[in-house]
Amino acid sequence: ENTNSDNSATTIESGSKLSPDLQTDSHKPQQGAPPQNKVFKNLQLKDKSKVQQEVGNDSTAGLVDPLTPVPPKPLIKSKSQISQELQTVRKSLPIWSFQSEIRTTIRDSDTMVLVGETGSGKSTQIGQFLLNQPYMSKMISASGKKYGGCIAITQPRRVAAISLAQRVSSEMGTTLGKEVGYCVRFDNVSDASTKIRYLTDGMLLNEILHDPELSRYSVVVVDEAHERSVSTDLGMGLLKGIVESRRKEKVPLKLIVMSATLDVEKMANYVGGTPKPGETSEEVIPAPICRIPGKIFPVEVFYTPVSIDNFQTAAAKTIFQVHYQYPCPGDILVFSTGSEEIEELASMVEELALQMEPDKPKLNVMRLYASLDPVEQQKVFVKGSPKERKVIISTNIAETSVTVPGVRHVIDCGKVKMKRFRHQLGIESLLVTDISQASAQQRKGRAGREAAGTCYRLYTEGHFKRLQKDTEPDILHCDLAGAMLTLLAMKSEHSMTTVNNFPFLDGPNHQSRVKALTTLLELGALDNKGNITKVGTKMSKFPLPPAQSRVIVAAGEEEEQNKKSEENVLVDVIDVLSCLSVDGNIILQPTRWRKTLAEPKKEVDPLLPQKKKKKRKHADDEDSDEDLTLEERVHSKRMDIVHPSGDHITYLNILRRYLSKRANEQKKFCQEYQISYPLMRKVENIRKQLRGYCRLDKVGDLPRDSEMKYESDTMVARYPRVSQEQTEKILKCFMAGLGVENIAKRAKGGKYRTLTSSGNTSSGVDVSVHPSSCLMWERSEHEAKRTKKDEGRSSWQRLPEGFGEAVMYQDVVWTSKAFMKCVSKIRLEWTTEVFEDLTIYGT
Ligand code: CDP
């Protein structure tokens, strides 16, 4: 195939088995716009609100005689206008005709299982159906305690919780955060008046920790139960108990378990029905089941004739194949694995799209993944213009969590990025794995919601047949330490025995239980008898993984011991953790640069390497920043903030610099250094909340928020260097939380080898530093020259002897090999200080 041609039509593989012949005339898109008067006529026939919807805010779109004065129309639609328009959509959802059945079922039973195709309206409608029902009113128990009034709807993903709350508050014509709100980690947009509250399943666990009877709620809906996240599974087990105890108190809690695909009978038996008064049967009574029949149009499936190595190129080709073959409308949904892959593919498609003939409908490429800005995420739900085609490149969020309208073509890479416990490494890491057949079918189904569609599987039919039938629940694969700690902290009488007898839908295997308990023991969260310790109780209160909450508790202890020290280690540790707790890297990778910063005026043509070299030479001669490429400029800037020990302290440098700027300069700072401004705003918020948790749980002694300004000013004074002593203290706190398993010792050839829990490398694995780590930023020639002139401006200081004998890392990702993410250099002797029982030397 000819991929270098200028003419994009020939760059696309035609006639392959992947899709029918591209050249078929009958499939060619309709060319040119329909005659003006036709559009005019059509519009006149429709009712006014529909017309408004179609022409948007353009009041001059040829609806009336142009000579007749048109009264000015409001530019922005009011909430009630939008809400009214959405009512028609609501009524067309498959679930609409089932509302009275749903209401009566949950009136007569405390539990219920609701199954229906993705997009049938479960997540958006269930709350609205139940509002104002008698069982929603507040109740008072015999002991005088108030119960009820609110509906909780849990989601495994933050994106879904936020976007659902936005959608439902629009449907109801209310302000987000009032009647309808959401609560995800570090972001609570709801108040006491909230009646429908979308929250992540992790946040529900956190609420149970603070209010074991969930007294605020009348109904809890567990959505996407088939995803079987660890928190969903744990939540369901706990909710079963709460339903029972609230029934006894005569202040019932209703529990609805919802899903797209589910082993319905198994779930109904697990959730359990409501015994009739006087019934004492020991037999399991299943929860009532309500099924919403789905409307699915036929979807034609295509497989690749041979296995594919490069999914990115294959996906890009298929996108254009579909685009050339099928006329609009009909958007394309591509399932990819993670944000980096999505950004790469999106940029590739955007570039190729520039080469399309001008008469082809435009391609509007959109990304969809968890760490994307919510405003960006919301764009995928907006119906595009008929003259362009949306290409949505998504993680498996679009599989069942969110329904993107307008999709008729699906491209499925057959992979998913999942958290998996790596026994070899002893830690949990993100791993790209094959999807299950059930997932593949769900993905295919996304193409047939509105009309007949097509699904392109970028794998062979044989491969599909070999895929596992169902996706296994996370509880069988993930690190359970967090879940176990939550359980132990829930009630003081919960001991290892109750944890071991916990009624899981699918019990985690013995190996994972033992591993989780060992981790907690090593972190000092449990004592030798298996009871939760003071440290463990403190840790459980933070909405963070156990390793990270241990870092905070360690910093608190350190801070208590060194109260007089000017540099507060707890403050700095919280700052670093805040940077780590946002979805995504605050330091933007080059693939995302273009979006936030315009190309410099004198950008050289990337297709002309000769010319580029010449320019660079010129730049060196003049020693000015102006002629540098974007990459060189950003890189040179970043040398001011990088810390030679690695990512942890570099994050601290960035946050200190950012906070020391006035609000109106922070955005500019982010642009110059290519730091994500939206993420920095979140970091600020998380930092505030983590400090709040510390004060609440009496961890350390933090300065008051009112002193924050003073604090930033001293930070400026301290800038640019975090002292050597402080670097050591901070990194040691991180080591205490991360454990020996997150340390790798330097081996020959610049490689690293992980340590095992006994502190040797004999059974460790080889790991490399991920390209996104600042340890991979090389000092550019330009920078070297500049610093020579201006000694002291750069923070590229020399590290003391011994640094880098080992590294500590937050995460491991497996792609072509194992890569460590967020890495810092440490001295090997610290390991024996932090982990007293270890003998590292000589291994
Ligand atoms: O939960 P289920 O998958 O059954 O459906 P849903 O999420 O309630 O979606 C019902 C409809 O609302 C779909 O057509 C979605 O496209 C739309 N929706 C939306 O426009 N914006 C959202 N944030 C969520 C749903």
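Structural data are supplied above this passage.
What follows deals with the overall build of the protein. Per the secondary structure count, the protein includes 32 helices and 23 strands. Considering the protein as a whole, with its 843 residues, one finds that 40% of them fall into the buried category. Pairs at least 24 residues apart make up 72% of the contacts formed inside the protein by residues separated by at least 6 positions.

A few words on helix H30 (residues 724–738). Here H30 contains 15 residues, and its C-alpha end-to-end distance of 21 Å stays within 8% of the 21 Å for a straight helix at 1.5 Å per residue. The element H30 is extensively covered by neighbouring structure, given that 11 of its 15 residues are classed as buried. Those residues of H30 lying buried are Thr727, Lys729, Ile730, Leu731, Lys732, Cys733, Phe734, Met735, Ala736, Gly737 and Leu738. Buried residues along H30 sit in contact with helix H21 (546–561), helix H22 (569–580), helix H26 (647–660), strand E22 (806–814), strand E23 (818–826) and helix H32 (828–834). In the segment just after H30, Gly739 is the residue with positive phi, at about 85°.

A word on the site of the ligand. In the region of the ligand, 16 residues are neighbours, and Lys122, Ser123, Thr124, Ser163 and Arg167 sit closest. Mapped onto the shell around the ligand, the elements with two or more residues apiece are helix H6 (122–130) and helix H7 (158–172). For the shell around the ligand, the leading source of residues is H6, giving four residues. Split into classes, the residues belonging to the shell around the ligand amount to four nonpolar, 10 polar and two charged.

The next thing to look at is the environment of Gly584. Its place among the elements puts Gly584 in the loop between H22 and helix H23 (593–596). Since 19 C-beta atoms lie within 10 Å of it, Gly584 is described here as partly exposed. Between the C-alpha atom of Gly584 and that of Ser371, which follows or precedes it by 213 residues, the distance is 5.5 Å. Discounting chain neighbours no more than four positions away, the residues touching Gly584 are Ser339, Ser371, Ser676 and Leu679.

Conventions and cut-offs
Here the residue numbering is sequential within each chain, running from 1 through the sequence in written order. Since the coordinates come from a predicted model, pLDDT governs what is reported: local features require at least 70, and pairs of side-chain atoms require 80 or more to be given and counted, while whole-chain, interface and lining totals use all residues. The numbering of helices and of strands both runs from the N terminus, where a helix is a DSSP run of H or I of at least 4 residues and a strand a run of E of at least 2. Using C-beta atoms placed from the backbone, we call a residue buried if 20 or more other C-beta atoms fall within 10 Å of its own, exposed if 12 or fewer do, and partly exposed for counts in between. Whether two residues are in contact depends on their C-beta atoms, placed from the backbone: they are in contact if these lie within 7 Å. By definition here, a helix of n residues has an expected span of 1.5 Å times n minus one. Each residue gets a C-beta atom placed from its backbone. Should that atom fall within 6 Å of a molecule or strand, the residue is termed near it. Classes in brief: Ala, Val, Leu, Ile, Met, Phe, Trp, Tyr, Cys and Pro nonpolar; Asp, Glu, Lys and Arg charged; the others, Gly included, polar.

That is the geometry; function is a separate question.
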